[in-house]
2 protein chains.
Amino acid sequence: MTPRMIGLDGDDTLWESETHFVTTTAKMADLLSDWVDSDAAVERLIAAERRNLKTLGYGVKAFALSMIETAIEVSASEVDATTIQQIVEWAKELMDHPVEVIEGVREAVEGLVARWPVILVTKGDLLHQESKVAGSGLADLFTGVHIVSEKDPQTYSRILAEHGIEPREFVMVGNSMRSDVIPVVELGGRGIHIPHDLTWALEEVDGIAVPEGVSELRRLGEVAPLLESPAD
Amino acid sequence: MTPRMIGLDGDDTLWESETHFVTTTAKMADLLSDWVDSDAAVERLIAAERRNLKTLGYGVKAFALSMIETAIEVSASEVDATTIQQIVEWAKELMDHPVEVIEGVREAVEGLVARWPVILVTKGDLLHQESKVAGSGLADLFTGVHIVSEKDPQTYSRILAEHGIEPREFVMVGNSMRSDVIPVVELGGRGIHIPHDLTWALEEVDGIAVPEGVSELRRLGEVAPLLESPAD
């Protein structure tokens, strides 16, 4: 059946995000090279993010606090204040970084919007996500913008109810199998996966069964043709 | 005229918030007493919060990063990693602190909800505000919960449009003249101010003209009688 609403993810589906975190993580590993090698630094940072996720949530500010904790931890409290201040500055740079809309995305969203109502469903820091939506120049194309703290079935269910859409009438498109595809399929909707070269460790789905019938595309521009193809 | 919708603020209107920040600020001043006296520590922290507001937004995580910056700044980078880690721990405690609904608030909200649709309009960290709404036990009473990054006229205008309510049909109730009352009055709505003993420096309105005709009440329980009084 043809959908009644399309949902799009933001970070690493419409605009670059993880690349900035990866760059900062590399600088962080460099900063800690007196104490640990690069792989260990990254591993400890990911462990801190995972541990802090429930309390601090997603986004740059949580990432900054996890970086600071990691620096203190791996240096056995030897790290100095100047280094900590450097981490705080990186957080501000991440918050203020200009939005880089992925090539072809604007045309692809316009193509979708011409056929179906399209909503944005994105998670992370409220202020930062709002400024990314605004900076993307795409805001006016969306029927709704939903910035959420977690992308689980309950969240999608609430959003769809707001729009008066049944899960089976909804298609969610994004780069995260865990956040964009699986919870929507669980509700009875359809997920389309568009992998990004970079995926944050906490979005990886090792050991989670990928549901059957999920389409995997390379570019957002392939979504409309797929949904309109008679074979689909 | 009788309103068609009531809006309530969260922090320091429905539940305690500023008191936790004040307690942490006092501990922070104590931590920095080797370098500055208490008044100066508080002043420098407020200055950092003000400077970082546009980049980092509201909420505990932004507060934590401003505390860390302040510690580094007032100590001329002498502060050690153990002290910084202490600040990070305080941030986590603030995030995890149980919600303390202000006395009489539950009954007052029930009284309002029996007469009008009531929405919550609160700003700050998305995850933290969501967990406070959940923890308050009040969530089911609201027609809508709006967690926003800034409470300005545009934000209120968008929320009212979502509910199909004209500004003149709307009454907003809260402890912040700057965030709860003035922007709503500016749109043509009504504001009711319920001051709290503690108000965050960045919510103070020194030099801003308080609009005429704003009611000032002592308790949320006084709102329904005021709106229903024939003289009103």
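Residues numbered from 1 in each chain as written. Chains lettered and ligands numbered in written order. Predicted model: local features only at pLDDT ≥ 70, side-chain atom pairs only at ≥ 80, totals over all residues.

### Notes on the overall build of chain A
When its secondary structure is counted, chain A shows 9 helices and 6 strands. Over its C-alpha trace chain A gives a radius of gyration of 19 Å, about what one expects of a compact globule, namely 17 Å for 232 residues. Its C-alpha atoms give chain A principal-axis dimensions of about 60 × 35 × 30 Å. For chain A, restricting intrachain contacts to residue pairs at least 6 apart in sequence, the fraction spanning at least 24 positions comes to 67%. (Helix = DSSP H or I, 4+ residues; strand = E, 2+ residues; numbered from the N terminus. Rg over C-alpha atoms; globule rule 2.2 N^0.38 Å. Contact = placed C-beta atoms within 7 Å.)

### Focus on the pairing of strand 1 (residues 5-8) of chain B
Regular strands place side chains that alternate from one sheet face to the opposite one. Residues and elements named next belong to chain B. Of the two faces of strand 1, the one lined by Met 5 and Gly 7 and the one lined by Ile 6 and Leu 8 are each fully buried. With 4 bridges connecting them, strand 1 and strand 4 (residues 170-174) associate as parallel partners. Paired with Leu 8 across the two strands is Val 173, which belongs to strand 4. As judged from the 3 bridges shared by strand 1 and strand 2 (residues 118-123), these two strands associate in the parallel manner. Following the sheet pairing, Ile 6 is matched in strand 2 by Val 118. (Buried ≥ 20, exposed ≤ 12 C-beta atoms within 10 Å, placed from the backbone. Pairing = 2+ DSSP bridges.)

### As for the sheet that holds strand 1 (residues 5-8) of chain A
All names here are of chain A. Taken in spatial order, the 6 strands make up an open sheet running 3-2-1-4-5-6, and their pairing is parallel. Of all the strands in the sheet, the pair left with one neighbour each is strand 3 (144-148) and strand 6 (215-216). Both strand 5 (residues 190-193) and strand 6 contribute to a ladder of 2 bridges, which runs parallel. Bridge pairing links Ile 192 to Ser 215 in strand 6. Running at roughly 155° to strand 3, helix 7 (residues 153-163) makes contact with strand 1, strand 2 (118-123), strand 3 and strand 4 (170-174) of the sheet. (Axes fitted to C-alpha atoms, helices over the stretch in contact; angles between N-to-C directions.)

### A look at the domain arrangement of chain A
Interfaces are often described in size by the accessible area the parts lose on coming together. Residues and elements named next belong to chain A. Taken domain by domain, chain A consists of domain 1 (5-16 + 100-228) and domain 2 (18-96). Each of domain 1 and domain 2 has a C-alpha centre, and these two points are 28 Å apart. Listed as interface residues are 13 residues of domain 1 and, on the opposing side, 15 residues of domain 2. Split by residue class, the side of domain 1 that touches domain 2 holds 4 nonpolar, 5 polar and 4 charged. (Domains from an automatic or database assignment. Nonpolar A, V, L, I, M, F, W, Y, C, P; charged D, E, K, R; others polar.)

### Describing the interface of chain B and chain A
Facing the 29 residues of chain B at the interface are 29 residues of chain A. No other element matches the 9 residues that helix 4 (residues 81-96) of chain B contributes to the side of chain B that touches chain A. By residue class, the composition of the side of chain B that touches chain A is 15 nonpolar, 7 polar and 7 charged.

### Comments concerning the environment of Leu 187 of chain A
Residue and element names in this part refer to chain A. Tracing the sequence through the fold places Leu 187 in helix 8 (residues 177-187). Classification of Leu 187 by C-beta neighbours within 10 Å gives partly exposed; the count is 19. The spatial distance from the C-alpha of Leu 187 to the C-alpha of Pro 153 is 6.4 Å, given a sequence separation of 34 residues. Beyond its immediate stretch of four places on either side in the chain, Leu 187 contacts Pro 153, Tyr 156, Ser 157 and Pro 167.

### With respect to the confidence of the model for chain A
The predicted model of chain A averages 93 in pLDDT, with 97% of residues at 70 or higher. For this predicted complex, the interface confidence comes out at an ipTM of 0.89, alongside a pTM of 0.89. (pLDDT = per-residue confidence, 0-100.)

### Side note on the relation of the copies chain B and chain A
Of the transformation superimposing chain B on chain A, the axial component is 0.0 Å and the angular component is 180°, with the fit at an RMSD of 0.0 Å. Given the turn and translation reported, the copies of this chain are related as if by a two-fold rotation axis. Taken together, the interface assignments show that 100% of the residues at the interface of chain B recur at the interface of chain A, consistent with an identical surface on both copies. (Least-squares fit on C-alpha atoms with pLDDT ≥ 70 in both.)

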